[in-house]
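# A structural walkthrough
The lines below spell out each chain.
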Amino acid sequence: MTETILSVEGLEKHFPVTKGLFKSQVGAVKAVDGISFDVRKGETLGLVGESGCGKTTTGRLITRLIEPTGGKITFEGHDITHMKQGKLRPLRRDMQMIFQDPYSSLNPRHTVGAIVGAPFRIQGIETEQGTKKAVQDILELVGLNPEHYNRYPHEFSGGQRQRIGIARTLALKPKLIIADEPVSALDVSIQAQVVNLLEDLQNELDLTYVVIAHDLSVVRHISDRVAVMYLGKIVEVGERAGLYGSPMHPYTNALLSAVPIPDPKQREGRERIRLTGDVPSPLNPPPACRFHTRCWKAQEICKTQEPPLAELAPGHAVACHFPENAPSKTETPATVA
Amino acid sequence: MTFLQLNDLKVHFPTDDGLVKSVDGLSFQLERGKTLGIVGESGSGKSVTSLSILGLHKGGRAKISGEIWLDGEELVSASQEHVRSLRGKKMAMIFQDPLSAMHPYYTVGDQIIEAYRIHNDVSKKVAKKHAIDMLGRVGIPQPDRRVDSYPHEFSGGMRQRAMIAMALSCDPELLIADEPTTALDVTVQAQILDLMRDLQRDFNAALIIITHDLGVVAELSDDILVMYGGKCIEYGSADDIFERPEHPYTWGLLGSMPRLDREVTERLLPIKGSPPSLINVPSGCAFHPRCAFEPRTGGKGSTVVPDLVETEGGHLVRCHLSREERRDIWATEIKPKLES
Ligand SMILES: Nc1ncnc2c1ncn2[C@@H]1O[C@H](COP(=O)(O)OP(=O)(O)OP(=O)(O)O)[C@@H](O)[C@H]1O
Ligand SMILES: Nc1ncnc2c1ncn2[C@@H]1O[C@H](COP(=O)(O)OP(=O)(O)OP(=O)(O)O)[C@@H](O)[C@H]1O
Ligand code: SF4
Ligand code: SF4
Ligand SMILES: [Mg+2]
Ligand SMILES: [Mg+2]
């Protein structure tokens, strides 16, 4: 059995919606609404789903940048769900987040050296040959020139800036990295550089990744396992080959069939599932199965009973009453009592 | 007569740092009912090209030269007023950023109504009915109610659709869509692409689609133009570009992109380095600092600008390598790696 580095159980984040002078709460955005998953040491878990489904919120919860409303987060055996900042500090070294936007997440007035070296200073860490040497080593590791130490972010291209962000993340030799859309702001030709870099670093430094992205092709390339989110819930999770090869949740099927294929010959004859309607608001999500307002397979039971996330094939779980590609009893309710 | 034809279009911007050669000698043709896909690196001049066709750089500081022929009229030399009068009906554009293209203080409906009435002598009531009709066609639910909403009351996907409704409200003969789906989720993107296909079929419009997403161009385009550093570096049918690409940058694009329709490859094959500066454009071939095949051109790559030459039946390539060398490299060095 591979070791579990991070375990999430029933994790929730409800953002209060307030109104009026006295800020009375009138509702809640259920950004993350009871999700559970494990991350194994050394693996890459991909987290996909459409805009607003709660991916970034999940990342910020795990790294404890925001406080969960419910559930439990266990990192290397420690319950960190509500751990106080002081006690969290050493753990912060082990768990780092790469942010969505390489342009706004770097302070333009600080040099590359200051940016990448900041984690050492904040954590009060002395390095053997001084911070500068340590920073220059990291710059080299991510494919930047150590001589870039005194330059400013605006002097770099988007891909280089993302490397600076990655270098900062690596400074304290973390064990787990949550990468939130690490390549989506980059040019296609640069995306590939950063994807390869993340893979190389994982091998060299024995890192574990949770990669958040909406690009299903990138996620397939980089992940060992993939979790699909819809409106604050995980609807399917499985090994890469199983999830992409025989997706079970109707939403996963719809997502995959909507990805344009860069092959003009496949234009005709490709089976496509077209979803109608927009993603419902997380303020007022549909009851029971949240996907039922857009699902072509929805039955009465889907509107009244929430389907549990059930393992239907080894390592492949889905939350649906009528899953596709399910091993034996297709088209029968998958609910286990 | 060709419906749209660009001849040696140049759009240069004088800036404090120097002259930015955003578009530097671009030529192409497009017939009614056909779709041209334009792909290329960020900053390669895709948006500037489309804005120039719409005449939106007129009166600014841009220096424009060359010719843009649209249905028999030359637009670079035409007056600003005249080109403006063509917007909406003759040609329309879906902009990269929907919020910037819509006025925040007017309802979505009012904006469509106004655009429609410029070209159609109809009452407000008739125009409103048309606006509701258009919003319905682009898939806005309850269009008779949403017509009175303001842009900020729409979600990103709905705004994008509303802008498409606006662009299509006068059945334009030429529609330019600049990254029409970049900000959208894949499921919404699929709806929008269907819509553009339908509308083109119904009105026989000419369509230019600009995007960095090779999947989107492959789905829609008849022909594809690849831009790098303000120039066309490869042009051909969709099959030419995806089946027999001949330019090293196009190879690089194809290798950079993970694909759902293939086995997972061990590694992506990125293009090294970063996009060129348009002020100090690299000498010779603008791609040479990033090109793995530059040494094979015997130093020419860094000194001489290659011409855009026809390699076969309408397939154009701008590269010093000979046709045989390019085909050989593609067949033996690139294609096998992409498909491995
Ligand atoms: N601080 C906050 N206060 C209130 N609502 C929030 C807050 N942060 C996020 N939300 C809401 O929670 C939901 C999930 O947001 P989140 O940023 O996690 O989505 P995401 O999956 O990362 O989307 P994207 O792909 O667009 O980045 C959204 O509806 C969002 O509007
Ligand atoms: N008004 C302007 N003044 C000066 N330079 C400009 C102006 N408009 C565009 N440019 C420059 O021209 C170049 C081409 O810009 P353009 O917007 O056409 O790129 P693009 O290919 O559309 O890129 P993207 O994929 O990022 O949208 C860029 O380097 C840009 O900075
Ligand atoms: S539970 Fe029902 S509505 Fe939900 S995804 Fe499955 S079939 Fe569709
Ligand atoms: S001309 Fe030379 S540098 Fe330019 S693309 Fe061809 S081989 Fe590469
Ligand atoms: Mg996010
Ligand atoms: Mg652009």
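Report follows, based on the coordinates. (Residues numbered from 1 in each chain as written. Chains lettered and ligands numbered in written order. Predicted model: local features only at pLDDT ≥ 70, side-chain atom pairs only at ≥ 80, totals over all residues. Heavy atoms only, no water.)

## Topic: empty space enclosed by the protein
Spelled out, the test is: Definitions used throughout: a 1 Å grid over protein atoms alone; a cavity as a set of points that fits a 1.4 Å probe which cannot get out; a pocket as an open set with protein on both sides within 12 Å along at least five of seven lines; a lining residue as one with an atom within 4 Å of a point. Grid points are joined across faces, edges and corners, and a volume is the space filled by probe spheres set on the points. Per the convention used, a helix needs a DSSP run of H or I reaching at least four residues, while a strand needs a run of E reaching at least two, with both numbered from the N terminus. Each residue receives one of three labels: charged for Asp, Glu, Lys and Arg, nonpolar for Ala, Val, Leu, Ile, Met, Phe, Trp, Tyr, Cys and Pro, and polar for the others, Gly being one of them.
Overall, the coordinates contain 11 cavities of 30 Å³ or more when judged by the stated rule. Of the pockets and cavities examined, the largest cavity occupies roughly 190 Å³. Surrounding the largest cavity, 17 residues form its lining, Met257, Pro258, Arg259, Thr265 and Leu268 of chain B being those nearest its centre. If you list the elements that add at least two residues to the lining of the largest cavity, you get α7 (216-222) of chain A together with α11 (248-256) and α12 (323-339) of chain B. In the lining of the largest cavity, the residues fall into 7 nonpolar, 4 polar and 6 charged.

## Here we look at the nonpolar core
Residue and element names in this part refer to chain A. Defined as follows: We call a set of buried residues a nonpolar core when its members are Ala, Val, Leu, Ile, Met, Phe, Trp, Tyr or Cys and they connect through side-chain atoms within 4.5 Å of each other. For every residue, the accessible area (1.4 Å probe, protein chains only) is compared with the maximum for its type, and the residue is labelled buried under 20%, exposed over 50%, or partly exposed between those bounds. Any two residues whose heavy atoms approach within 4.5 Å are treated as being in contact.
Ranked by internal contacts, the top residues of the largest apolar core, which has 38 residues, are Val116, Phe120, Val142, Ile164, Ile166, Leu170 and Leu201. Put simply, the parts of the chain that give this core at least two residues each are α3 (112-123), α4 (131-141), α5 (158-170), β7 (176-180), α6 (188-205), β8 (208-212) and α7. Ignoring anything within four residues of it in the chain, the contact list for Ile166 reads Ile98, Val142, Val194, Leu197, Leu198 and Leu201.

## Observations regarding the interface of chain B and chain A
Counted only if it meets this: Buried area, as used here, totals the accessible surface that two parts lose on assembly, with accessibility defined by a 1.4 Å probe and the loss added over both. By salt bridge we mean one thing: a side-chain nitrogen of Lys or Arg within 4 Å of a carboxyl oxygen of Asp or Glu. Any pair of nitrogen or oxygen atoms within 3.5 Å is treated as a polar contact; in protein, a donor-acceptor pairing is required on top of that, and neighbouring residues in sequence qualify only through side-chain atoms on both sides.
Contacts between chain B and chain A engage 48 residues on the former and 40 residues on the latter. Where chain B abuts chain A, roughly 3,700 Å² becomes buried across the two surfaces, and 54% of that area is made up of carbon and sulfur atoms. The three residues of chain B that bury the most area against chain A are Thr187, Glu219 and Leu260 of chain B, which together make up 18% of that side's buried surface. In this assembly, chain B and chain A are joined by 4 salt bridges. Across the chain B-chain A interface, the total number found is 17 residue pairs in polar contact (both at pLDDT 80 or more). Those elements that provide at least two residues to the side of chain B that touches chain A are α7 (156-168), α8 (186-203), α9 (214-220), α10 (238-243) and α11 of chain B. Considering every element that reaches the side of chain B that touches chain A, the biggest residue donor is α8 of chain B, with 8 residues.

## Re the site of ligand 4
Note the cut-off: What makes a residue near a molecule or strand is one non-hydrogen atom of that residue sitting within 4 Å of it.
In the region of ligand 4, 14 residues are neighbours, and Cys285, His288, Cys291, Cys319 and His320 of chain B sit closest. A per-class count over the shell around ligand 4 returns 8 nonpolar, 5 polar and 1 charged.

## A few points about the site of ligand 3
Cys289, Cys295, Cys302, Cys320 and His321 of chain A are the nearest of the 13 residues found near ligand 3. For the shell around ligand 3, the per-class residue count stands at 9 nonpolar, 3 polar and 1 charged.

## Focus on α8 of chain B
Put simply, the rule is: The span one expects for a helix is its residue count, reduced by one, times 1.5 Å.
With 18 residues, α8 of chain B should cover 26 Å at 1.5 Å per step; its first-to-last C-alpha distance of 26 Å lies within 8% of that length. Within α8 of chain B, the full set of buried residues consists of Val186, Thr187, Val188, Gln189, Ala190, Gln191, Ile192, Leu193, Leu195, Met196, Leu199 and Gln200 of chain B.

## Remarks on the sheet that holds strand β4 (residues 70-75) of chain A
Note on sheets: strands pair through backbone hydrogen bonds, and any given pair is parallel or antiparallel. Residue and element names in this part refer to chain A. Filter applied, for reference: Strand pairing follows a simple DSSP-based rule, namely that at least 2 bridges must link the two strands.
Here we have 4 strands laid out as an open sheet, ordered β2-β1-β4-β5, and antiparallel in their pairing. Each end of this open sheet is capped by a strand with a single partner; those strands are β2 (24-40) and β5 (78-79). Relative to β4, strand β1 (residues 4-19) runs antiparallel, the two being bridged by 5 bridges. What sits directly across from Ser7, in β4, is Thr74.

## A short note on the packing of aromatic side chains
Residue and element names in this part refer to chain B. As a reminder of what qualifies: Here is the rule: rings of Phe, Tyr and Trp (six-membered ring for Trp) pair when centre to centre is within 6.5 Å. Planes less than 30 degrees apart are stacked, more than 60 are edge-to-face, and the remainder are tilted.
Counting across every chain of the model gives 7 aromatic pairs over all chains. Aromatic pair Tyr228 and Tyr249: ring centres 4.7 Å apart, planes at 55 degrees, arrangement tilted. With Tyr228 in strand β9 (residues 223-228) and Tyr249 in helix α11, this pair connects stretches of sequence that are 21 residues apart. Assigned by exposure class, Tyr228 and Tyr249 land together as buried.

## Some remarks on the layout of surface pockets
Residue and element names in this part refer to chain B. Of the pockets and cavities examined, the second largest pocket occupies roughly 700 Å³. In this structure, the second largest pocket is lined by 23 residues; those nearest its centre are Arg87, Gly88, Ala115, Ile118 and Met166. When contributions to the lining of the second largest pocket are tallied by element, the ones reaching two or more residues are α2 (80-86), β6 (91-94), α4 (108-119) and α7. Ranked by the residues each element gives to the lining of the second largest pocket, the list is headed by α4, at 6 residues. The residue inventory of the lining of the second largest pocket, partitioned by class, reads 14 nonpolar, 5 polar and 4 charged.

This is a description of form; function is not addressed.
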